[in-house]
Amino acid sequence: MKRKLESDLVDAYSARETIAPITFNKTRLDKTRKLLIANAPPQQAGGFLLVVSMSEQPYWYHLSDKTIIGRTEEADLVLGHPWVSKKHCIIEFDGTDWEVRDTGSRNGVFINSERKEYHYLKEGDAVQIGSFLVIFVQGSAAVTT
């Protein structure tokens, strides 16, 4: 059941043109909520990403003030898939906000299903990087009910 939920979640973020917008957003929100409940966020300060893929169990990644996400070992968060560029994007903390920036990747960065060059992250934002979906959660305030 858990593997089906993860698969459905990734599909929900990538297939928006086939679903009416209101239904799409509600479905996406419901599946994201269920995934976060099944994978409780860490209870410590900072920014975290719940990394979801088709090939492995979801896991939490603790962001540093500057986190490079890419396909090679030079990246801080390595996402091994051909659709992920060597240095795909950067997530930086400026002391107040977390910002994600595309670094000129071939396949782009999608925030809540919209392709963006940069975006200030909000609690629960879903970032699609290649075939991976990462969900942003802020520090110890991230208690899922």
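See the structure above.
Residues numbered from 1 in each chain as written. Predicted model: local features only at pLDDT ≥ 70, side-chain atom pairs only at ≥ 80, totals over all residues. Heavy atoms only, no water.

### Focus on the pattern of salt bridges
According to the stated counting rule, one finds three salt bridges in the structure shown. Arg101 is the salt-bridge partner of Glu92, the closest N and O atoms lying 2.6 Å from each other. Judged by relative accessible area, which is 26%, Glu92 ranks as partly exposed. Taking the shortest distance from any N to any O, the salt bridge between Lys122 and Asp125 comes out at 3.9 Å. (Salt bridge = Lys/Arg side-chain N within 4 Å of Asp/Glu carboxyl O. Buried < 20%, exposed > 50% of the residue type's maximum accessible area, 1.4 Å probe, protein only.)

### Thoughts on the sheet that holds strand E4 (residues 77-78)
Sheet architecture is open: five strands sit in the order E4-E3-E5-E6-E9, paired in mixed fashion. Sheet topology places E4 and strand E9 (118-120) at the edges, where each strand pairs with a single neighbour. Bridge count for strand E3 (residues 66-70) against E4 is two bridges, and the pairing is parallel. Following the sheet pairing, Ile69 is matched in E4 by Leu77. (Pairing = 2+ DSSP bridges. Helix = DSSP H or I, 4+ residues; strand = E, 2+ residues; numbered from the N terminus.)

### What about the nonpolar core?
If you look at the biggest cluster of nonpolar residues, it comprises 20 residues, and the most contacted ones within it are Leu49, Val51, Ile69, Leu79, Ile91 and Ile129. At the level of secondary structure, the elements contributing two or more residues to this core comprise strand E1 (47-52), strand E5 (89-93), strand E6 (98-102), strand E7 (109-111), strand E10 (126-129) and strand E11 (132-138). The biggest single contributor to this core is E11, with three residues. If we ignore the near neighbours within four places in the chain, the residues touching Ile91 are Leu49, Leu63, Ser64, Asp65, Lys66, Thr67, Ile69, Trp98, Glu99, Val100 and Leu121. By size, the runner-up hydrophobic cluster in this structure holds eight residues, among which are Leu36, Ala126, Leu133 and Val137. (Core = buried A, V, L, I, M, F, W, Y, C linked by side-chain atoms within 4.5 Å. Contact = heavy atoms within 4.5 Å.)

### Points about unusual backbone geometry
One non-glycine residue with positive phi stands out, namely Asn112, at about 50 degrees. Its place among the elements puts Asn112 in the loop between E7 and strand E8 (114-115). Assessed through its relative accessible area of 22%, Asn112 is described here as partly exposed. Backbone geometry at Ser113 places phi at a positive 75 degrees, although glycine is not the residue there. Note on placement: Ser113 falls in the loop between E7 and E8.

### Description of the pairing of E1
Most of E1 sits out of view: six of its six residues are buried. Burial along E1 is two-sided: Gly47, Leu49 and Val51 facing one way and Phe48, Leu50 and Val52 facing the other are all buried. Here E1 runs beside E11; their pairing, made up of six bridges, is antiparallel. Pairing of Val51 across the sheet is with Val134, part of E11. Linking two consecutive strands that pair antiparallel, namely E1 and strand E2 (residues 59-62), is a turn of six residues.

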